[in-house]
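Given next are the chains, with one letter for each unit.
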Amino acid sequence: MANIQTLSQDEVIQARDMMKLVENEIAKAVIGQRHLKAALTCALVADGHVLVESVPGLAKTTAAKALSMACEGTFSRIQCTPDLMPADITGTQIYNSGTGSFETIKGPVFANFVLLDEINRSSAKTQSAMLEAMEERQVTIANETYRLPSDIFTVIATQNPLEQEGTYPLSEAQTDRFMIMVRITYPSLEEEISIMSLKEQASSQFGGAVISKQEVGWLRMKAQEVYCDRAILKYIATIAHATRHVEEYLDEETARYVRFGVSPRASIAFMKMAKATALRKSRGYVVPEDIKDIARMILRHRIGLSYSARANGVQVDQIIDQLMSKVPTP
């Protein structure tokens, strides 16, 4: 496999430094959760949506708001509840008695960064309101199509573990539109002490913009130019194939735990996130380690497990690790 760098070293270093600026800005507001900060930054550069799973109170909203402020973007937060309606997200038309006509009122989805807080507490009908927005970057209100922000449009959704009461599992079509899924856990003892110390400070925990929207566009353009060898593309395709034909890679008992594998969206997500990851690591080319580093984030919400897997306490990350160990590294 050839490591051909199509970007100049100066461009790679500049891109890396800009990504570090964003990541460090998130770190001012969020203590710990190092992999969440890196994932949000790389997803921004890869132009993908992010699904974050954890119990409440672990700074998911804070991280999303800090990311939007670091990029001078507009921010919108939608609290998902069982009675939330699609029009509460996309917008609706209301009748103006003064003019005798209907007026379109755009919903909170018209922002650069949209946080869907506890998305799996809303109904499937409401969840589906985001499908067109996330894929087509547009919404339809009363048969009229409205474009969403063209420079940056990133959805960051949070969900509670499915074991909690009052949750609705996301459909496969919905989860597949998220480029990555990040799971975060409780902070360490020292991190929790730092969190309390941060809250004691009188000053705001958020900083300001460290890069412009135009610079985000430049980063995305440079990420597309990161070299991805054909051997890496084959590696990605083989991983996707392995999730669809687990009987070829896993023992019979473990293979029964998998109901379905990933779609080609996963392969595309692998390629885009790997390129952004390479830039973050000061490289203008993708290596197999980049693929391994992001495998769980790309695959965990796309692989469907059987009921017997859940009954036996089998986690999807375990299946991913086993599959990755069976796929030859180029």
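For clarity, every value in this text was computed on a predicted model and none was experimentally measured.

What counts and what doesn't
- Residues numbered from 1 in each chain as written.
- Predicted model: local features only at pLDDT ≥ 70, side-chain atom pairs only at ≥ 80, totals over all residues.
- Heavy atoms only, no water.
- Salt bridge = Lys/Arg side-chain N within 4 Å of Asp/Glu carboxyl O.
- Helix = DSSP H or I, 4+ residues; strand = E, 2+ residues; numbered from the N terminus.
- Buried < 20%, exposed > 50% of the residue type's maximum accessible area, 1.4 Å probe, protein only.
- Axes fitted to C-alpha atoms, helices over the stretch in contact; angles between N-to-C directions.
- Parallel < 35°, antiparallel > 145°, perpendicular 65-115°, else oblique.
- Left-handed = near helix turned anticlockwise from the far one by under 90°.
- Contact = heavy atoms within 4.5 Å.
- Phe/Tyr/Trp six-rings, centres within 6.5 Å; stacked < 30°, edge-to-face > 60°.
- Lys NZ or Arg CZ within 6 Å of the ring centre and 35° of its normal.
- Core = buried A, V, L, I, M, F, W, Y, C linked by side-chain atoms within 4.5 Å.
- Pairing = 2+ DSSP bridges.

Okay, the pattern of salt bridges next. What the rule picks out here adds up to 23 salt bridges. Residue arginine 183 pairs with glutamate 53 through a salt bridge whose shortest N-O separation is 3.2 Å. In this pair, arginine 183 sits in strand β9 (residues 180-183) while glutamate 53 sits in strand β1 (residues 50-53), placing the two residues 130 residues apart along the sequence. Its relative accessible area of 28% is what places arginine 183 among the partly exposed residues. A cluster of three or more residues bridged by salt bridges with shared partners is formed by Glu53, Arg183, Arg296, Arg300, Asp317 and Asp321.

Moving on, we get to the packing of helix α13 (residues 288-299) against helix α15 (residues 316-326). The contact between α13 and α15 brings their axes to 10 Å, and the two run at 140°. If you check the angle between α13 and α15, you find them oblique. You can see that α13 and α15 cross each other, and the crossing is right-handed. On the side of α13, the interface is formed by Lys292, Ala295, Arg296 and Leu299, while α15 contributes Asp317, Ile320, Asp321 and Met324.

By the definition in use, this model includes one aromatic pair. A ring pair is formed by tyrosine 95 and phenylalanine 102, whose centres lie 5.3 Å apart and whose planes are at 65°; its orientation type is edge-to-face. In this structure, lysine 106 is placed above the aromatic ring of phenylalanine 110, and the distance from its NZ or CZ to the ring centre is 4.9 Å. Across from the ring centre of tyrosine 285, 5.7 Å away, lies the NZ or CZ of arginine 283, which sits over that ring.

A separate point is the nonpolar core. Counting residues in each nonpolar core, the largest one holds 78 residues, and the members touching the most others are Leu67, Ile180, Phe270, Met273, Ile291 and Ile298. Not counting chain neighbours up to four residues away, the residues in contact with phenylalanine 270 comprise Ile236, Ile239, Ile291, Ile294, Ala295, Ile298 and Leu299. One finds Val109, Met134, Val139 and Leu170 within the second-largest nonpolar core, a separate group that totals 23 residues.

So, about the pairing of strand β4 (residues 101-106). When strand β3 (residues 91-96) meets β4, the two strands line up antiparallel, connected through six bridges. Bridge pairing links threonine 92 to isoleucine 105 in β4.

Read from one edge to the other, the open sheet built from five strands follows the order β2-β5-β8-β1-β9, with strand pairing classed as parallel. Edge strands, defined here as strands with exactly one partner in the open sheet, are β2 (75-79) and β9. On average, adjacent strands in this sheet sit at an angle of 20° to one another, irrespective of strand direction.

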